[in-house]
Structures are given as C-alpha cells and as structure tokens.
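# Survey of secondary and tertiary structure
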Amino acid sequence: MFKSLATPEFLAKIDTEKCIRCKRCIQNCGWGVYSWGGNNVLIDTFKCVKCLRCYHYCPEEAITIEDNPVRYRNNANWGFYNIRNIKKQAETGGILLTGMGSDMPYPVLFDSLLIDACQVTNPSIDPLREPMELRTYLGKKPARLEFEKGPDGKSKLKTKMPPQIKLDLPFIFAPMSYGSISLNAQKTLAIAAKELGIVMNTGEGGLHEEIYPYRSNIIVQVASGRFGVNPDYLNAGVAVEIKIGQGAKPGIGGHLPGEKIPLDIAKTRMIPVGTDALSPAPQHDIYSIEDLRQLIYAIKEATNYTKPVSVKIAAVHNVAAIASGIVRAGADIVYIDGFRGGTGAAPSTIRDHLGIPIEHAIAAVDERLRQEGIRNEASIIAAGGIRSSADAAKAIALGADACAIGTAALITMGCTVCGKCYTGNCSWGITTQRPELTVRLDPEIFAERLINLIHAWTHELKEILGALGINAVESLRGSRERLRGVGMDAQTLDILGIKPAGR
Amino acid sequence: MSYDFQKDISGCGLVGIINKDGKRIDGSYIKKSLCLMNDRGNGLGAGYAAYGIYPKYKDLYAFHIMYDEPSAKTIAEEYLKINYHIEKKEEMPTAPVEGITIHPILWRYFVKPLAQKAEREMADLSDDDFVVRTVMKINSEIDGAYIFSSGKNMGAFKGVGMPSAIAGFFRLEEYEGYIWTGHTRFPTNTPGWWGGAHPFTLLDWSIVHNGEISSYGINKRYLEMYGYKLTLLTDTEVVAYLFDLLVRRHGLDIPTACTALAAPFWKNIDDMDGDKRDAMTAIRMVYGSALMNGPFSILFGHSKGLVGLNDRIKLRPLVAAIKGKTVYMASEESSIREICPSPDKVWAPRAGEPVIAELEA
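All figures in this text were calculated on a predicted structure; none of them were measured in a lab.

### What to know about the overall build of chain B
Per the secondary structure count, chain B includes 10 helices and 18 strands. For a compact globule of 361 residues, the expected C-alpha radius of gyration is about 21 Å, and chain B comes in at 19 Å, within 12% of that figure. Along the three orthogonal principal directions, the C-alpha set of chain B runs to about 60 × 50 × 45 Å. Considering chain B as a whole, with its 361 residues, one finds that 54% of them fall into the buried category. At a minimum sequence separation of 6, the contacts of chain B that also span at least 24 residues come to 76%.

### Details of the sheet that holds strand β20 (residues 379–383) of chain A
All names here are of chain A. The strand order across the open sheet formed by 8 strands is β11-β21-β20-β18-β17-β14-β13-β12, and the pairing between neighbours is parallel. Looking at strand neighbours, the two that pair on one side only are β11 (171–173) and β12 (200–201), the edges of this open sheet. Where β12 and strand β13 (residues 218–222) come together, 2 bridges link them in parallel fashion. Bridging across to β13, Asn 201 finds its partner in Ile 219.

### Some details on unusual backbone geometry
The omega angle of the peptide bond from His198(B) to Pro199(B) is 0°, so this bond is cis rather than trans. Notably, Lys23(A) is not glycine yet its phi reads approximately 70°, a positive angle. Of note, the phi angle at Val417(A) is positive, near 60°, even though the residue is not glycine. Judged by C-beta crowding, with 17 C-beta atoms within 10 Å, Val417(A) ranks as partly exposed.

### Focus: the packing of helix α6 (residues 235–249) of chain B against helix α7 (residues 254–261) of chain B
When two helices pack together, their arrangement is given by the angle between the helix axes and by the axis-to-axis distance. All names here are of chain B. The geometry of α6 relative to α7 is characterised by a closest axis approach of 10 Å and an angle of 130° between their N-to-C directions. It follows from the interaxial angle that α6 and α7 lie oblique. Remark: the crossing between α6 and α7 carries right-handed chirality. Residues Leu 242, Phe 243, Leu 246 and Val 247 of α6 form the contact with α7, whose participating residues are Ile 254, Ala 257, Ala 260 and Leu 261. For the contact of α6 with α7, the residue count by class is 8 nonpolar, no polar and no charged.

### Considering the interface of chain B and chain A
Counting residues at the interface gives 35 residues for chain B, matched by 39 residues for chain A. Of the residues forming the side of chain B that touches chain A, the biggest block, 7 residues, is contributed by helix α9 (residues 274–286) of chain B. Classifying every residue of the side of chain B that touches chain A by side-chain character gives 16 nonpolar, 11 polar and 8 charged.

### Observations concerning the nonpolar core
Residues and elements named next belong to chain A. Core analysis: the largest hydrophobic core is formed by 258 residues, its most contacted members being Val 334, Ile 336, Ile 362, Ile 381, Ala 382 and Cys 403. Considering every element that reaches this core, the biggest residue donor is helix α14 (residues 443–468), with 9 residues. Beyond its immediate stretch of four places on either side in the chain, Val 334 contacts Val 311, Ala 323, Ile 326, Val 327, Val 365, Ala 378 and Ile 380.

### Overview of the pairing of β20(A)
All names here are of chain A. With 5 of 5 residues buried, β20 lies mostly within the body of the structure. Alternating positions in β20 separate into two faces, Ser 379, Ile 381 and Ala 383 on one and Ile 380 and Ala 382 on the other, with burial throughout. Relative to β20, strand β18 (residues 333–337) runs parallel, the two being bridged by 5 bridges. Paired with Asp 337 across the strands is Ala 383, a residue of β20. Here 2 bridges tie β20 to strand β21 (residues 402–405), and the two strands are oriented parallel to one another. Paired with Ile 381 across the strands is Ala 402, a residue of β21. Chirality of the crossover, the property in question, places the unit of β20, helix α11 (residues 389–398) and β21 among those that are right-handed.

### Describing the sheet that holds strand β11 (residues 200–202) of chain B
Residues and elements named next belong to chain B. Spatially, β11-β12-β13-β14-β18 is the arrangement adopted by the 5 strands of the open sheet, whose pairing is antiparallel. The strands lining the two open edges of the sheet, one partner per strand, are β11 and β18 (355–358). Taken pair by pair, the neighbouring strands of this sheet meet at an average axis angle of 15°, ignoring direction. Pairing of strand β12 (residues 205–211) with strand β13 (residues 296–302), which is carried by 6 bridges, proceeds in the antiparallel orientation. Looking across to β13, one finds that Gly 211 is bridged to Phe 296.

### Concerning the confidence of the model for chain B
For chain B, the average pLDDT comes to 92, and 95% of its residues sit at 70 or higher. Of the two predicted TM-score estimates for the complex, the pTM is 0.94 and the ipTM is 0.92.

### So, the domain arrangement of chain A
Residues and elements named next belong to chain A. Taken domain by domain, chain A holds domain 1 (10–93) and domain 2 (167–478). A straight line from the C-alpha centre of domain 1 to that of domain 2 covers 32 Å. At the interface, 9 residues of domain 1 touch 9 residues of domain 2. Grouping the constituent residues of the side of domain 1 that touches domain 2 by class yields 5 nonpolar, 2 polar and 2 charged.

Calculation notes
Residues numbered from 1 in each chain as written. Chains lettered and ligands numbered in written order. Predicted model: local features only at pLDDT ≥ 70, side-chain atom pairs only at ≥ 80, totals over all residues. Helix = DSSP H or I, 4+ residues; strand = E, 2+ residues; numbered from the N terminus. Rg over C-alpha atoms; globule rule 2.2 N^0.38 Å. Buried ≥ 20, exposed ≤ 12 C-beta atoms within 10 Å, placed from the backbone. Contact = placed C-beta atoms within 7 Å. Pairing = 2+ DSSP bridges. Axes fitted to C-alpha atoms, helices over the stretch in contact; angles between N-to-C directions. Parallel < 35°, antiparallel > 145°, perpendicular 65-115°, else oblique. Left-handed = near helix turned anticlockwise from the far one by under 90°. Nonpolar A, V, L, I, M, F, W, Y, C, P; charged D, E, K, R; others polar. Core = buried A, V, L, I, M, F, W, Y, C linked by C-beta atoms within 7 Å. Right-handed = clockwise from strand over helix to strand, strands pointing away. pLDDT = per-residue confidence, 0-100. Domains from an automatic or database assignment.

Listed below in structure tokens is the structure:
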C-alpha cells in the first residue's frame, strides 16, 4: 500500500525498560495504535490521536505521547496543517472531517471581558453566609401580570403562565444524540441532570427506553432527519426543541453511516438496521419563517400547549434578525450555538470558517429582542464555547438566560478534545458504539464527576454574584454594565454593548 | 449608545413623614429631622418632596423646571406652549442663603395637556402618559432644561447644598404638606449637579433613596424596553420608573410591586401555600429584571401614601415609628426622635418587608 505522505501528528512512545508487557495499552487503544509483537508492543504512530487513554491506563507510566517534532519547513503562510491537509486530500479526494469545536486561533472574546466587583459604595455578599439564587425558568413570560380579587377578598393571580422549564441552575446539557455519543454517555448526562435539577437534551437521535426514567429532566429534539419522532416522544420530556442548525456546522446536515446503526440505535431512531441516518441540511418542511411557525404550532398542538418549544440555530451573521423572527414565530426558547460549538462530525472547512462567535451572537440577539420589546417572549440559551463558570457568567451578563454545556461535560467523562469523534473509535467510550469501548463508561461513576464539575461551577458562579453584590442570577442576566472590555476596538464594544475597562 | 454612561454613586440619609389624617404641616419639621443626619451627606445634594402644597392648583400638573441658561428656557417653553394649557407660570420663590451662591434658573408651571394638539395627535395617550412623555423628551432632548417635578398638588425641591441651606433657599417653611420626604446626599463620583439631588419624581411618584442598586445595568435595560429614557444615571431614577411601570402602567398594587422589587427568596416562596406561591413564582419569573438587587432603603411617596422599603437582605438602614396618626420613616432613629421624642412605637422593618402608610379615606 502507498504510504501516506501526511506526516503523523503524534509520536506514541513506550519506554521498554519500564514496560511490563501487560498489554493494557493494546486493549485500551480504540485506534489500533498498539499491537503485540511477540516480545514487545508494536506502535503504529500514524493512528495515534493523542487521546491519552493508553497513557492514563499504563500502570508503569511507560508511555509518552509527543507532538511529532518533524514538521514541514517553517513557513508563516503555509502552516503545518495547510500542507498536511492538502496531502491528505490528494490521497483521498474527500472532504476532511473533524469532531469537536474549532481549534483555530480566532479571538475568544470571553477572554477579553472582565467582570465588575463591589468596593465600599456597595457591599459584596458572602455566598457562604447568605442565600445566592441561581434558579432559572426557561420559557415565554408575559410582559405583565394581572391579579384579581378572589371570593375571599385576597388578591389572586389572573394571568395564566405559559409552560416553563424549571432549572435549579442556569445550565443545561447541550444536545448530543444517541448515535453521536454512546448510550452510556447519554445516561451519564441524564443521571447528572436529574441530580442537579437541570435538563439534558436527546439530540436528534430519538429517546432510548433506558433514558425514559429521566423524562422530567429531558428536552427532546426534532431535527431534519425526524429520527424517533412520534407523539409519545414529543410528550416524553419537559420541552421540545426544533433543531435548525448547529454552531459547528451551520447550514450543514448530518450523516451517521450505516455501519454505526446497530439494532439498538436503529430502534431508537426508528430506521432499519444498517441504513445511513441522513439529516438533510434544511428541514424539508421549513423553507421559510412561516413554515417554522407551522412546525412550532404543530408541536404545540401535539403536546397540548403543555411544553415550551425551543428552536436551536447556529450563530450566523444575521442572527439577531433570525432570532427575532423565531420569537415572533412562537418559539418559547431560542437556543443559539456559537461557531466554536462542538460536533460529532463536521467538514473542517465548515467548522472552521462558517458562523460567528457566541459572544457577538448573544449580545446582538438580546439587544435586538429588547429593541423590539419582545425579550420577555422567549428565553435565550447561549451555547458553543462555554469553557468555565466565568464564560457562563459573561454569557449571562451579555443577555443569556442559561448556558449549554457540551464539550465540558464530555471532558468529565474522559474526553481530551482530540477531535476524532467522527471515527467512532473513542477510546473513552463516549463517541463510539463499539460495545467493548462503551462499556468503559460507567454512567453512575462518571455522572458523579459531571455533578462535581457543575457543583464547582455553581460555587464559582455564586462567588461571582457575591462579588457583584447581587444574590439572584436574574440581576446578572443582561446586566452588561457589570462587564468591561480589555483591548477591544470601539465597534466590538458597541456590538457587545459594553464599556472599555477604565470607563 | 445607551450603554456608554457614567453612573452616579452616592450614600445618604433619608427621612419621611406622613399624617394619615391629611393634616398639613410646614417644612420646618422635615428640615429639622434631616439636619440631624448631616454626617450622612457631604453637601453635594439635598432635597425634599411635599404633598398637598398646591391646593389652589390641585387639578393641574405642577412642573418644576431647572434651566442652565435662558436659551434652554425659551426652547422648553416653546414646546410647552404648543402642547399644554399653561394656567400659571412663575419663577420659583427662593431666598439667598449662605452656602448657595450659584444655582440654575428655576421656574414652575401649572399646566394641563391640550386635548388635540401637536404631538398629542400621534398617539392616544392619557394625560399622565403624555406628561411622562414630555418629561422624557425635555430631559433627554433639550440641553440644559430639566423637569424635576411633574405631579399634581405636590412638588420637589432640591439642589446642591446641605439640607438646611436647600430648605432655606426654597423657603420650605412657607409650604404645608401632609407628606414630606427629605434626603441628604453623599455622592462619590459626581460634581454636584442640581438635577442629581433627590428626591427624584415622576408624576406624583417621588423617591428618596439610600444605596447603590447593584442590578442597575439590567434594571435600566428592562425599563428602556418600555420606552423609559434614563437620563440621570442614578439608581433613584430606576426606582421611580420601576414603580411607575409596575404600579401605574401594569396596574400592580403597591404591596405586589414591592414584592417584585425586593423579592422574597425562593426557599421562602417554595414554603408558601398554593395560590400565594404560584403568584410569587410568577412575579419572580416575569419581573426578574425589575428585581432591585444590592443595598437600598427607599421612601416612595405618592399622593395617597408613603412606602418605605429595604433591599432583600437589609444592607442599608431603615427605621419606622408611629405617633398617633403620624408615621415616620428614616435612616436613623435619632432623626425621628429629633422631631418626635416619644413615639408610640418604633421598629426596624425586616429586609424586603415594605412599610406602607396610607391616607385615611
């Protein structure tokens, strides 16, 4: 076979002095990097993705994974990946695929935003001693409330509140379908969501029967493939989400190849075993905003107006006007996915070059909805690049009601953001359906780690609120006065609606 | 560019008196009480509001306007002439006092919006809505003109100076009212501007306020969604407009509005019984952006009563007292005892629990 001229990215090395020939690396690597040579472990370093499974499971710390020092000749214009990608495409003639969010060095505005704190004129609040409230309700809110006098002469609420999703924390887990991730990974999310009083999202792969017990912590998704959608499914969770787009691949559909459709996934998706699961780029019954309105109301009819309907879109240039249209079309929640958001599989050209960052998108959408006087009509979820509690606090201050956590949740399960989710070989058992790999991910154990992470972020968020001198998250939401920009140009400050540091 | 502003920060002392039987008293009492708290201010702002002071014109809106220069007066009066019937206009009576050397040009007008004129034709607005629009317009669009009082049978008197100087300057002992509020100010970041002193008023709402609202940013943006223009950049302005929105425009009663502005904690709401819990949950959902978070004590006056309110964890002082038909509220008990040495009852209201005193029918 012709040896690939695309140089390996990583060098897997085993210290033969330390190696005890236990073969755990061979067993653990989902990529087939290691094999047994009779006397020692053989390494096919071309296959290594640096997911570090072998490194962590080597009992002797004999393994190191290094970035390959062999690079093409230095060139400020033709970088390593420019050249390597061309070589790969010359060999395959195909679209280059990738997983996870973009790794390109676009500026991350979260890292240029700083949060205010109280000194003297207003007191900070100590979250260890005072209540600090993070409860969040997602859904349409009436602009005003009406009360009436009851027969007992007491004032009673007259306004009927639209359905809401109650969250104990302003976080939700981002949609990740069964198929793109393993059932164990979905179970991990479901267990954690229930324990934390938040919600997970099925993604577009339908709802596996083993997840049904967590239905009060689940949003079910309807995407262009309509996998697993039926009346029971629509009514199974606390809300229904229509997926129009995804930040990592705006305007692009999905393709789960037939070899990844075993019986269980086929049943959940309601398609024959071994057929390709194709999600068309657009939803073929939505070619316009009025079509979206019809689907929103079809779902509301099917759920008897008991569940909020969310619409998920990718953050694109015109996101503010699009979001406004979605709200006017009747959506109760607008889920906005920034271009740095994760994916199980996307063409890297699309992932790295289409869309806009979540920071700009949230700011633009929140401001537009306020200008139009309809901000109360829908909640906004910020997704795509929330890496820490600080990012979440900044997104909320820019105007989000809640933040979606996808990649960070997977990292608690072992993910190292190697970006090879699309291969189905995930050695951590997350983005694979190979039973010998998925069995590694014990939902009970990993749910605990995920809960730990969200607890940690919750504590941090409370510290931030306390420093800001506020004790309820609604006082942070959209409060851009508490943000300042460092090193931003005037126009970016204007888009974010914030002042530069020092003002 | 509504985000590019410099917010005004200040600490303060406040006091309020209401005679529930409607008995009118002159301005010397409130002045005496407020002057006891001179160390809570720094001379960069003091003011008073009084209700019942213009019985002769009680059906007309009393505009108190300050002008930086005569040209601003010309422009503002041009606008008023087109849109209002002006029953009477006069320079505000003042007296020279020590400590006040420079002051704006101060006029007052007793007016009524014309029924079918000019801007009125553009929208079907009630008199109150039209007056609010006028206040927003003149304050934000006419440079150097500022309406600091716009209610009926009430008025605000405020400026840069210590409480005694401001009271003397405006000759408050010549006015008689059944509700009085007073305020002395300790701004930390603004040179004294007469308009920046408290009380802040809109129609017959008046607010005196001690504290810094840490949720100012979102409160401001929430109000802007309903067409309010926040020109003063003070927390106090936010308080006044929030009351205006919730009580006048949304029709909430005052206790309900208070629970939106200083909301109970979820743990307490969850323990409430059915209807009450549902109502409180809805209030927090719908009016979350109106929640005033951070330290404050405020006195909110209106033609029929006086309300004292603390933030939800009581980060600023507020004391109340009753003597006969009179209710007192103040930052410090000492300032109440200065004018009412032996009240029937004195208490410190709990966090977020409003003290509501209303005129007897």
